[in-house]
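# Inside the fold
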Amino acid sequence: MHLPFRQQATYVVTALFTISVSTGIAAAQQSEINNSLSEIEQFVATTLGQLGVIVFLVGAALWFVSGRNASRTQWGWRALWGGAGMIVLSVSYNVFVTLFENLAPGMIVPPFL
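Attention here is on the structure that accompanies the text. (Residues numbered from 1 in each chain as written. Predicted model: local features only at pLDDT ≥ 70, side-chain atom pairs only at ≥ 80, totals over all residues. Heavy atoms only, no water.)

As a further point, take the overall build of the protein. Helix and strand content of the protein: two helices and zero strands. Within the span of the protein, comprising 113 residues, buried residues form 12% of the whole. In the protein, the proportion of contacts linking residues at least 24 apart, taken out of those at least 6 apart, comes to 62%. As presented, the protein carries roughly 9000 Å² of accessible surface, and 72% of it is formed by carbon and sulfur atoms. (Helix = DSSP H or I, 4+ residues; strand = E, 2+ residues; numbered from the N terminus. Buried < 20%, exposed > 50% of the residue type's maximum accessible area, 1.4 Å probe, protein only. Contact = heavy atoms within 4.5 Å. Areas by Shrake-Rupley, 256 points an atom, 1.4 Å probe, with all protein chains shown as cover.)

Now for the environment of Gly 59. Mapped onto the elements, Gly 59 comes out in helix H1 (residues 5-65). For Gly 59, a relative accessible area of 0% translates into the label buried. When the C-alpha atoms of Gly 59 and Trp 81 are compared, they prove to be 8.0 Å apart, with 22 residues separating the residues in sequence. Sequence-distant contacts of Gly 59, defined by excluding residues within four places in its chain, comprise Gly 76, Ala 79 and Leu 80.

What follows concerns the packing of aromatic side chains. Going through the model one piece at a time under the given rule, you end up with three aromatic pairs. Judged by centre distance (5.0 Å) and plane angle (50°), the ring pair of Trp 63 and Phe 64 falls under tilted. We classify Trp 63 as partly exposed; its relative accessible area is 30%. On the basis of relative accessibility, which here comes to 62%, the residue Phe 64 falls in the exposed class. Centroid distance Trp 77 to Trp 81: 5.7 Å. Interplanar angle 75°. Geometry classified as edge-to-face. (Phe/Tyr/Trp six-rings, centres within 6.5 Å; stacked < 30°, edge-to-face > 60°.)

As a further point, take the side chain of Glu 41. Mapped onto the fold, Glu 41 is located in helix H1. Within the buried set, Glu 41 has no salt-bridge partner at all; the shortest N-O distance to an opposite charge, 30 Å, is to Arg 78. (Lys, Arg positive; Asp, Glu negative; His and termini not counted. Salt bridge = Lys/Arg side-chain N within 4 Å of Asp/Glu carboxyl O.)

Another aspect to go through is a nonpolar patch on the surface. Taken together, the side chains of Ile 33, Leu 37, Ile 40, Phe 43 and Val 44 define a hydrophobic patch exposed on the protein surface, amounting to about 490 Å² of accessible area. By secondary structure assignment, the location of Ile 33 is in helix H1. (Patch = residues over 30% accessible without salt bridge, like charges linked within 9 Å, V, L, I, M, F, W, Y side chains within 5 Å.)

Inspection of the secondary structure puts Leu 51 in helix H1. Under the relative-accessibility criterion, Leu 51 is labelled partly exposed at 42%. Residues Leu 51 and Ser 90 lie 39 residues apart in sequence; the distance between their C-alpha atoms is 9.7 Å.

The next point concerns the environment of Thr 73. You can see Thr 73 is positioned in helix H2 (residues 70-107). It is 9.6 Å that separates the C-alpha atoms of Thr 73 and Ala 60, two residues lying 13 residues apart in sequence. Residues contacting Thr 73, with those up to four places away along its chain left out, are Trp 63, Ser 66 and Gly 67.

These figures capture arrangement, not role.
Okay, structure coming up:
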């Protein structure tokens, strides 16, 4: 069964319109998702780094002023190294996320292409 030209043209225009609208919506959603993930990543990295610096400084102060109290010395030493570990983790996290942000755009292929 052969469709008249007018119906064929209507089907083609409808299909093209549907594809263009769906790709526009998908692109907008992708942009919103990327923005949200970037904000979350930035918040986590900043918070981890700031907490690391605070714990490091509190641990250093506790360790230096502990005198002969072994318990305070031990907690100060643990906090000192825990804060240093959080700082290192914050920097490593930033490097890791940046690496995958730079790799990911070339790997994402829309399913309809």
